[in-house]
Amino acid sequence: MARPQKIRASALGLGLALALSGCSAITAISDASKTLEVYELRAPEIQPAGRSFGLDVVIEEPTTSGALQTDRIMIRPDPLQAQYLPGVRWSETTPVMLQTLMLRSLEQSQALRYVGRTPLGISGDVAVLTELVDFQAAVAPDGETGTVELRLISRVVRESDIRILGTRTFAARAILPSVEEAAVIAGFDQAASQLLSEHAAWVLSVLR
């Protein structure tokens, strides 16, 4: 499994515990003068499907809540509170990053004539519409461990008659042995790889 890439080399060494005792999320986001370390997740390795469906597939940008419409890495000290890991961010906003990863995963299958963010012509043959429900690290009651929790609702829609060919909810979790920065990013990488692999396989099964 490919590992997440850190764009800048230096490490901040800040753990999640420091995040919860430091400034608020709003302060962290609005501090434009602060240089943030940048991470990106990699698409999982998908084996070629061995056949082509000859279809053009458009991956729409996922819809999501306002708390995830950002490039900041979300953490939840409790279920009702959203904060962000200080000093770091994703390479793209969370929905755009996920769209990129879904696109790359399906491309690797070599089963589609075209897969992209927009159709080549007026419309594609099929559109994949998704809603991102969860994409965060949740802190355990001990304050030292946690879990990464991802949840995605996906629909495959035939463009010619707007018929929904399939609907499914995907969920993935990764246990965090600590809430330090490196462990949190590795947890996201593990959970995202699982979710994206399952999603790509399901989309192809719907199109068969």
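This is a predicted model, so every value here is computed, not measured. (Residues numbered from 1 in each chain as written. Predicted model: local features only at pLDDT ≥ 70, side-chain atom pairs only at ≥ 80, totals over all residues. Heavy atoms only, no water.)

## Concerning the overall build of the chain
- Helix and strand counts for the chain stand at 4 helices and 11 strands.
- Looking at the chain as a whole, 46% of its 208 residues are labelled buried.
- Considering only contacts within the chain whose residues lie at least 6 apart along the sequence, 72% involve residues at least 24 apart.
- About 10000 Å² of surface is accessible on the chain, with carbon and sulfur atoms providing 51% of the total. (Helix = DSSP H or I, 4+ residues; strand = E, 2+ residues; numbered from the N terminus. Buried < 20%, exposed > 50% of the residue type's maximum accessible area, 1.4 Å probe, protein only. Contact = heavy atoms within 4.5 Å. Areas by Shrake-Rupley, 256 points an atom, 1.4 Å probe, with all protein chains shown as cover.)

## Here's the deal with the pairing of strand S3 (residues 56–59)
- Across the two faces of S3 the burial is the same, with Asp56 and Val58 and Val57 and Ile59 all buried.
- Here S3 runs beside strand S8 (residues 114–116); their pairing, made up of 3 bridges, is parallel. Opposite Val57, over in S8, you have Val115 as the bridge partner.
- In this structure, S3 lies alongside strand S9 (residues 126–139), joined through 3 bridges in parallel fashion. Directly across from Ile59, in S9, lies its bridge partner Val128. (Pairing = 2+ DSSP bridges.)

## What to know about the environment of Ser197
- With respect to the element layout, Ser197 can be found in helix H4 (residues 181–207).
- Beyond its immediate sequence surroundings of up to four residues, Ser197 is in contact with Pro44 and Ile46.
- Among the polar contacts listed, one links the side chain of Ser197 to the backbone oxygen of Ser193, at a separation of 2.8 Å. (Polar contact = N/O pair within 3.5 Å; in protein donor to acceptor, adjacent residues only side chain to side chain.)

## Remarks on the nonpolar core
- Trp90, Phe135, Phe188 and Leu207 are the most contacted members of the largest nonpolar core, which has 50 residues in total.
- Listed by contribution, the elements that provide at least two residues to this core are S3, strand S5 (74–78), strand S7 (88–90), helix H3 (94–108), S9, strand S10 (146–158), strand S11 (163–176) and H4.
- Considering every element that reaches this core, the biggest residue donor is H4, with 12 residues.
- When residues no more than four places from it in sequence are discounted, the contact partners of Trp90 are Val38, Tyr39, Leu41, Asp71, Arg72, Ile73, Met97, Phe135, Ile185 and Phe188. (Core = buried A, V, L, I, M, F, W, Y, C linked by side-chain atoms within 4.5 Å.)

## Details of the pairing of S9
- Counting buried positions along S9 gives 11 out of 14 residues, so the element sits mostly inside the fold.
- Here strand S4 (residues 63–64) runs beside S9; their pairing, made up of 2 bridges, is parallel. Across the sheet, Thr63 pairs through a bridge with Glu131, a residue of S9.
- In this structure, S9 lies alongside S10, joined through 13 bridges in antiparallel fashion. In the strand pairing of S10, Glu131 is matched with Ile153.
- What sits between the antiparallel neighbours S9 and S10 is a turn of 6 residues, in which Gly143 has the positive phi angle 75 degrees.

## Structural notes on the packing of aromatic side chains
- Enumeration according to the criterion identifies 4 aromatic pairs in this entry.
- Geometrically, the ring pair formed by Phe170 and Trp202 is edge-to-face, given 5.5 Å between the ring centres and 70 degrees between the ring planes. Placement of the pair is Phe170 in strand S11 and Trp202 in helix H4, with a sequence separation of 32 residues. Comparing Phe170 with Trp202 shows no difference in burial state: the two are buried.
- One aromatic cluster is present, built from ring pairs that chain together Trp90, Phe135 and Phe188. (Phe/Tyr/Trp six-rings, centres within 6.5 Å; stacked < 30°, edge-to-face > 60°.)

## Remarks on the side chain of Asp56
- When you line up the elements, Asp56 lands in strand S3.
- Overall, Asp56 belongs to the buried group, its relative accessible area being 14%.
- Within the local environment of Asp56, its side chain forms a polar contact with the side chain of Arg113, the two groups lying 2.9 Å apart.
- Setting aside anything within four residues of it in sequence, one finds Asp56 in contact with Arg113, Tyr114, Leu120, Gly124, Asp125 and Val126.

## Thoughts on H3
- For H3, with 15 residues, the first-to-last C-alpha span of 21 Å sits near the 21 Å given by 1.5 Å per residue.
- The complete set of buried residues in H3 reads Thr94, Pro95, Val96, Met97, Leu98, Gln99, Thr100, Leu101, Met102, Leu103, Ser105 and Leu106.
- Directly after H3, the chain includes Gln110, whose backbone phi takes a positive value near 55 degrees. (Expected span 1.5 Å × (residues − 1).)

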